[in-house]
Amino acid sequence: MSCVYNYLFQKVLLPAVRLCWIFFFLLLPAKGLIAENIFYEFGPKTDKVIVFTASAGSDNQATAITLQLQKYAQKLSAEAPDTHIIVAITKNDISELPVDVPVKRYEGTKTLIQTLITYPNAAVCLVAPDKSDGARIVTGTSKGTTPAWFLKAVYASLEQKNIPIDFYTNAVVFHRLGWLPDDPALQLYNEANIPAIKIETGADLSDFFSSVAPAVIQSMSNEWDTHYFVFKLHKKLVVINEQHIVITLIVSSIIFLLWLVFFSFLFGKKRDQHVKDLFKLWWMPLYFFLINWLSFFLGSKITEALFYLRFSSISELNSFPLTALLIKYVFALFFMFTVTAFNKFIPLPANRFIYGFIAHAVCLLNIFIFSFFNLSFSIIFMAIYFVSLAAYHFKNIVLQIIFIVCLFLPLMPFVTHIILYREYMFHIIFFINLASACIFVPFDLFLIRLGLSIDKKRKITKPFFRIPIQCKVMGGLFLVLVLWVFIMPATRNTVHNRWMLIQHLNGDESSVVKKYIDSPAEESITDYTRGNTQGTAETADSFLTVRTSFENYFERSIGAITIDSPLKIEAFAVTLSAVNDIAIFESDVRFEQNASGDTATFVSSPRPNFPVVIHFSGKKDAALTLSVVVWSNDNPFEIKVPVDNSKDAVGKTEAIPFLLKIEKTLHITAEGKGNGSKSVFMVFAGINNLGAEHRDIKASARIKVVSNVH
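In short, a report on the structure. If you're wondering where the values come from, they're calculated on a predicted model, not measured in any experiment.

Another aspect to go through is the sheet that holds strand β18 (residues 569-577). Read across the sheet, eight strands follow the order β14-β13-β12-β25-β23-β18-β21-β20 without closing on themselves; strand pairing throughout is mixed. Edge positions in the sheet fall to β14 (522-525) and β20 (592-593), since each has one partner strand and no second. Both strand β23 (residues 623-632) and strand β25 (residues 658-669) contribute to a ladder of 10 bridges, which runs antiparallel. Bridge pairing in β25 places S627 opposite T665.

So this is what it looks like as structure tokens:
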């Protein structure tokens, strides 16, 4: 009898209890292995709330800003405010690893956002440390813009506290256009449609927190302009909102129509001649649009050809963006100048008034064309339109030249921004040809009008072979730039010259590569030196231990992965893959799965605690490939290279960042077969069904539920 009891205990009861514990573990909410945010809430629980938040340091340590928030929270706890205020310090946001290393960033911010979306009206003031004593304001990303009422309240409060403000007003527009790098944390708030603004400062903001909170609550509104313009007038912030922009568009159209009806060429002594010439020249905007497009297209191809001849690769355009842009646009201007200069030899009406009228009509059309794609362009092209409205009424040659120059003045903020942020803007601007062609059509028409005025003044016709001065200037500048491409130093810009060392340990193999910070490309290095020549071998087993257990239980398999390392690990990634089958069903750690379900990836938060244990379940008799990769900033072999990294603008030599990448690949197969009575299996099936319902609720952290019948 005792033998029967022992058999039942070992073969049925023990496996059943073990399976129950494992399934209970899997039914728990998926854990992210991250530290918890610090969250304080003060004041009356009203619909309107302002949130002051900052991220902890790279090791979740306190920073100067988080200490200020802690102090402010203590002040609020001692004296309750009249407004609804939240103070939050987010953890696991910042990682100093390269952007191409898979690591969960801004986990704390994502958790905070999930809390804030339950509040009807929340406004977030995100504060970040900076070395400057002033306050730099960031108003948005390509996903959204800080509401105007929020910006004005923050700006006014900073002014009241005499904190120097660094605010790039044009950034409001350029962020919307995607012409500035997005702040990752601010982008998360924009995607969640939570009004947010960021302040980067090294100043003490204790008094600012107290003054801005009631100001924001008072000015808080459901109106959220996505397209508005900001400029400074005597240190005061002036905001042009969407309503003003739309009204100006309507007024511009009305002015054009009224002028066309009451004051245009439809009336007057030359009415018949103007109408005839208009019917002969109506196609000129389309003609010059095609000419302009061709000039920019040829400019791009010529620039690529020159860089290919110089460097044997057009990818070097990225290293010299300003030179590349200059070559393209100088050639395009030379081509356009040539066409407009010799256009007068085509037998067409020499009606200066009609050329000017068509040019100003095209300026009006450009307002609607560019506003259709993005309303942020509307103010710029409205300014160009009003300049053109006045320009074509003047016959004086000097005034015509002045107005042609003035046509480009509204575009100067864009040109300046492209030059200052040329590394970021190059891929956005260099390959744009159609928009540039549209912008230059009025310019072409006004140039023809100017040429006709000059010829009438001189009362002579220049020989066909005589080259106009504007063509000589642009042609000469183009030749200088071509020569410069072949003689300029083949040295990358500083921003492209920064790199880091990566040592890769994979099994028994070791390699060292040189990786540029801004590029995924890697370059193998063999002339490195090893300072620590004794002791540990350069193998993955020396620094990474992976233990697995993987067994069948009834109609499923249950597995566990334990990862350990003596190093300080910055991040890890675990990949489980199956061949033409589902890799895993569920796990107690969050994971992502590809569309076919045959690959599951676990990505850590920054600086996870070790050892790491991952439990998972899969199909019965599953055969999986397990890949574990860890990254560490430790340099156990003291790897060095005989060259220094690039120097910064001051001439100070930078230290070379180092990263150790360790990788292991294992093949695991579920073994053994679970035994038990049918009733026990039904109990586990019920638990699984309960787990399926739970996993449906936690869909963001799980794959879709798979049927229990296989």
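Picking up after the structure, the text goes on.
What follows concerns empty space enclosed by the protein. Inspection of the entire model under this criterion finds three cavities of 30 Å³ or more. Forming the boundary of the largest cavity are C363, N366, F381, I384, L407, F408, L411, I439, P442 and F443. Of all the secondary-structure elements, those providing two or more residues to the lining of the largest cavity are α12 (352-373), α13 (378-391) and α17 (434-458). In terms of residue count, the dominant contributor to the lining of the largest cavity is α17 (three residues). Of the residues in the lining of the largest cavity, the class split is nine nonpolar, one polar and no charged.

This brings us to helix α18 (residues 469-487). The terminal C-alpha atoms of α18, which comprises 19 residues, lie 27 Å apart, in line with the 27 Å expected from a rise of 1.5 Å per residue. Of all the positions in α18, only C471, M474, G475, F478, L481, V482 and V485 are classed as buried. Seen from one end, α18 has its buried residues packed into an arc of 120°, which puts them on one side. In α18, the exposed positions that point more than 90 degrees away from the buried face belong to I469, K472, L479, V480, L483 and I487. Summarising the contacts, the buried residues of α18 are in contact with α10 (284-311) and α11 (321-342).

Right, let's talk about helix α4 (residues 148-160) for a bit. For α4, built from 13 residues, the straight-helix expectation of 18 Å at 1.5 Å per residue is met to within 8% by its first-to-last C-alpha distance of 18 Å. Three or more residues of α4 are buried, namely A148, W149, F150, L151, A153, V154, Y155, S157 and L158. Once α4 finishes, N162 follows within two positions and takes phi at roughly 55°, a positive value.

What follows deals with the sheet that holds strand β22 (residues 612-619). Pairing is antiparallel across the open sheet formed by four strands, whose spatial order is β16-β17-β22-β19. Two strands close off the open sheet at either side, each with one partner strand: β16 (545-553) and β19 (586-587). With eight bridges connecting them, strand β17 (residues 556-564) and β22 associate as antiparallel partners. Note that in β22 the partner of G559 across the bridge is F616.

At a closest axis distance of 10 Å, the pairing of helix α3 (residues 107-116) and helix α6 (residues 184-191) adopts a crossing angle of 25°. Comparing the axis directions of α3 and α6 gives the class roughly parallel. Between α3 and α6 lies a crossing whose hand is right-handed. For the pair α3 and α6, the contacting residues are T109, K110, L112, I113 and L116 in the first and A185, L188 and Y189 in the second. By residue class, the composition of the contact of α3 with α6 is six nonpolar, one polar and one charged.

Quick look at a nonpolar patch on the surface now. Taken together, L322, L326, I401, V405, L409, M412, V415 and I419 make up a surface patch of nonpolar side chains, about 630 Å² in accessible area. Secondary-structure elements contributing two or more residues to the nonpolar patch are α11, α14 (397-406) and α15 (412-420). Among the elements that take part in the nonpolar patch, α15 stands out by supplying three residues, more than any other. Inspection of the secondary structure assignment puts L409 in the loop between α14 and α15. You can call L409 partly exposed: its relative accessible area is 48%.

This paragraph deals with the packing of α11 against helix α16 (residues 422-429). With their axes 9 Å apart at the nearest point, α11 and α16 run at an angle of 40° to one another. It follows that α11 is oblique to α16 by the angle criterion. In this structure, α11 meets α16 at a crossing whose hand is left-handed. Residue-level contacts link P321, L322, A324, L325, K328 and Y329 of α11 to R422, E423, F426 and I429 of α16. For the contact of α11 with α16, the residue count by class is seven nonpolar, no polar and three charged.

Reading the values: the criteria
- Residues numbered from 1 in each chain as written.
- Predicted model: local features only at pLDDT ≥ 70, side-chain atom pairs only at ≥ 80, totals over all residues.
- Heavy atoms only, no water.
- Pairing = 2+ DSSP bridges.
- Helix = DSSP H or I, 4+ residues; strand = E, 2+ residues; numbered from the N terminus.
- 1 Å grid on protein atoms, 1.4 Å probe; cavity = no way out; pocket = protein on both sides within 12 Å on 5 of 7 lines; lining within 4 Å.
- Points joined across faces, edges and corners; volume = space filled by probe spheres on them.
- Nonpolar A, V, L, I, M, F, W, Y, C, P; charged D, E, K, R; others polar.
- Expected span 1.5 Å × (residues − 1).
- Buried < 20%, exposed > 50% of the residue type's maximum accessible area, 1.4 Å probe, protein only.
- Arc of directions from axis to C-beta.
- Contact = heavy atoms within 4.5 Å.
- Axes fitted to C-alpha atoms, helices over the stretch in contact; angles between N-to-C directions.
- Parallel < 35°, antiparallel > 145°, perpendicular 65-115°, else oblique.
- Left-handed = near helix turned anticlockwise from the far one by under 90°.
- Patch = residues over 30% accessible without salt bridge, like charges linked within 9 Å, V, L, I, M, F, W, Y side chains within 5 Å.
- Areas by Shrake-Rupley, 256 points an atom, 1.4 Å probe, with all protein chains shown as cover.
- Salt bridge = Lys/Arg side-chain N within 4 Å of Asp/Glu carboxyl O.

Read these as spatial facts, not as claims about activity.
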